[in-house]
Each structure stands twice: as C-alpha cells, then as structure tokens.
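Single-letter residue listing:
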Amino acid sequence: MEIFNLPRLPRVIVCVDISNITGRHAVGSAVTFVDGHPRPSLYRRFPIRRVSEPDDPAMMAETVERLLEGRRRLAETTDLLVLDGGKGQLNRIFHLLENKGLQEQLPLLAFAKEREKDVGPEGRGFYEKVYVPGRKNPVYLSRHPDMLHFFQRIRDEAHRFALSGYKHRHRKELLASELDAVPGLGRKRKQILLAHFDSVESLRAASQEDFMKIPGIPERLARNIVEYFKSSQPDVSS
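It should be emphasised that the depicted structure is a prediction, and the values quoted were computed from it without experimental measurement. (Residues numbered from 1 in each chain as written. Predicted model: local features only at pLDDT ≥ 70, side-chain atom pairs only at ≥ 80, totals over all residues. Heavy atoms only, no water.)

## Some words on the side chain of Asp84
Checked against the element boundaries, Asp84 lands in strand S5 (residues 80-84). With no salt bridge to any partner, buried Asp84 finds its closest opposite charge in Arg155, at an N-O distance of 4.7 Å. (Helix = DSSP H or I, 4+ residues; strand = E, 2+ residues; numbered from the N terminus. Buried < 20%, exposed > 50% of the residue type's maximum accessible area, 1.4 Å probe, protein only. Lys, Arg positive; Asp, Glu negative; His and termini not counted. Salt bridge = Lys/Arg side-chain N within 4 Å of Asp/Glu carboxyl O.)

## Brief notes about the nonpolar core
Core analysis: the biggest nonpolar cluster contains 29 residues, and Val16, Val64, Leu81, Leu83 and Ile93 have the highest contact counts within it. Counting only elements with at least two residues in this core, the list comes to strand S1 (12-21), strand S2 (24-34), helix H1 (56-70), helix H2 (74-77), S5, helix H3 (87-99) and strand S6 (108-116). If one sorts the elements of this core by residue count, H1 sits on top with 7 residues. Sequence-distant contacts of Leu81, that is, excluding residues within four places in its chain, are made with Val14, Val16, Val64, Ile93, Leu106, Pro107, Leu108 and Leu109. Formed by 20 residues, the second largest nonpolar core is a distinct cluster that contains Cys15, Tyr43, Ile154 and Phe161. (Core = buried A, V, L, I, M, F, W, Y, C linked by side-chain atoms within 4.5 Å. Contact = heavy atoms within 4.5 Å.)

## Considerations on the packing of aromatic side chains
Applying the stated criterion to the full structure yields 6 aromatic pairs. An aromatic cluster of at least three residues, connected via ring pairs, comprises Phe4, Phe33, Phe111, Phe150 and Phe151. Above the ring of Phe161, the side-chain terminus of Arg45 is found at 4.1 Å from the ring centroid. (Phe/Tyr/Trp six-rings, centres within 6.5 Å; stacked < 30°, edge-to-face > 60°. Lys NZ or Arg CZ within 6 Å of the ring centre and 35° of its normal.)

## Concerning the layout of surface pockets
Roughly 300 Å³ of volume is contained in the largest pocket. A class-by-class count of the residues in the lining of the largest pocket yields 11 nonpolar, 2 polar and 1 charged. Taken as a whole, the second largest pocket spans an internal volume of roughly 160 Å³. Taken together, Met1, Ile3, Phe4, Leu6, Pro10, Ile13, Leu80, Asp146, Met147, Phe150 and Phe151 form the lining of the second largest pocket. (1 Å grid on protein atoms, 1.4 Å probe; cavity = no way out; pocket = protein on both sides within 12 Å on 5 of 7 lines; lining within 4 Å. Points joined across faces, edges and corners; volume = space filled by probe spheres on them. Nonpolar A, V, L, I, M, F, W, Y, C, P; charged D, E, K, R; others polar.)

## Some words on the pattern of salt bridges
Counted under the stated rule, the structure contains 9 salt bridges. Here Lys100 and Glu65 are joined by a salt bridge, their closest N and O atoms 3.8 Å apart. Within this pair, whereas Lys100 is found in the loop between H3 and S6, its partner Glu65 is found in helix H1, the two being separated by 35 residues in sequence. For Glu65, a relative accessible area of 23% translates into the label partly exposed. Linking Glu76 and Arg73 is a salt bridge whose minimum nitrogen-to-oxygen distance equals 3.4 Å. With a relative accessible area of 51%, Glu76 lands in the exposed category.

Dropping the structure here:
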C-alpha cells in the first residue's frame, strides 16, 4: 500500500491474464486472492469473442469489461486490480476504467517481465517491474523480494487458469471441426456430443454401445459415427 500509494490496504486482489496463440482460441482469466490466499470460488474465465487478432491489450480490455459486467460490485469490493502486462495493457485498462468513472475507485497496476535494453541503474537483463498509472518509471521488484514472490504467485495462478481455459477451448473447437464431417449429424446432436466428450481422442475411442447410451443418439447415428472414425483412421499397415 505504501510503495504504490494505494488508497487502502489491498486485502482483495484480482489478477487478469490472457492465453492465446496468434489470437486463436483466446481466453481471459481473472483470479482473486483474499488476504494473500487464492479464492477459487471467485475465479472467472472468458472466451475472447470481440478480438480476433493477436492484440493482448484489446483482449485484456474485453476481459476486464466483461468481468465488471458480470460482477457488479467488483469495483467496490476489490482493493487492487493487477494486470499481467506492461504499459500497453496498463494504459488500455486505465482508459477503460476512466470511461466508466472507476479510475479512482479501482486501483490498478501492471506487472511485467521485461528486458532492459540499455545499461541503467539496474543494468542489462530481464527484470520484473510494476507500472503505476501516472508514474513515468516502473517499480523494480528486485528491490522488494517478498513482494516480488507474491506478485509472481498471483500472476502464475492467473496464467495457469487462463491456459487451462485455452486448452479446453482448443480441444472443443478441434472436436467440433471433426464432428462436422460425420454423415447425418445435425446441429442439435452435435451439441449433445460436444457436451459429452472433451477431446477427439475420447470420441474416437468410443464404441457404438457407448454412443447409444447417450440420450438423443439413436443406433443408426451411433453406427455412422463409429464407421466414420474407422474409415478416417490412417492406414499404418504399410
């Protein structure tokens, strides 16, 4: 609170991160720590829908905006919002909060690992820095090891939560693409299968009897699915 000149003790901290590969299957995450401990019941994850290009600040802005929409009292109950990013992310989210009239109510910091290109007071190399709105130079956390470890912990948790969401979304999109080619499979039954299976591998491994146990999947369609996946298997006999 003292180092960053926060208006109150940061008992409730929310950290936001983005996980994606070249903008595809992007997922934003927000993890909440209360009194230094993770509170999984308050975690939130958002598939990115409005941004298709690899634009991390824009994806983070969508995540924060949807987080504010979903948790109406977030600005009132959160003591500090931490972004996994640098100046670009900080400026984008600060302007978002400013447009909503929340820049004074919701304290904001950006935590970044960046390379020092020029020899300065810290020397060359990678450094963990915290950017603060309205402050030109970042705070180097190498001078505050206990705080550094805590920021790394909440960032790693936000990254883990975002990455697990990205992997799940990626698997589901691969599965949906595979199901598009199955003869006689309509949209409604495709959704039933997407809800039942979590990967192409588990779908390929299922038997006709397994499919017939799923409500809404008749015997003929179950047979078509199994036959399709058998015919699409690569021939490794040669």
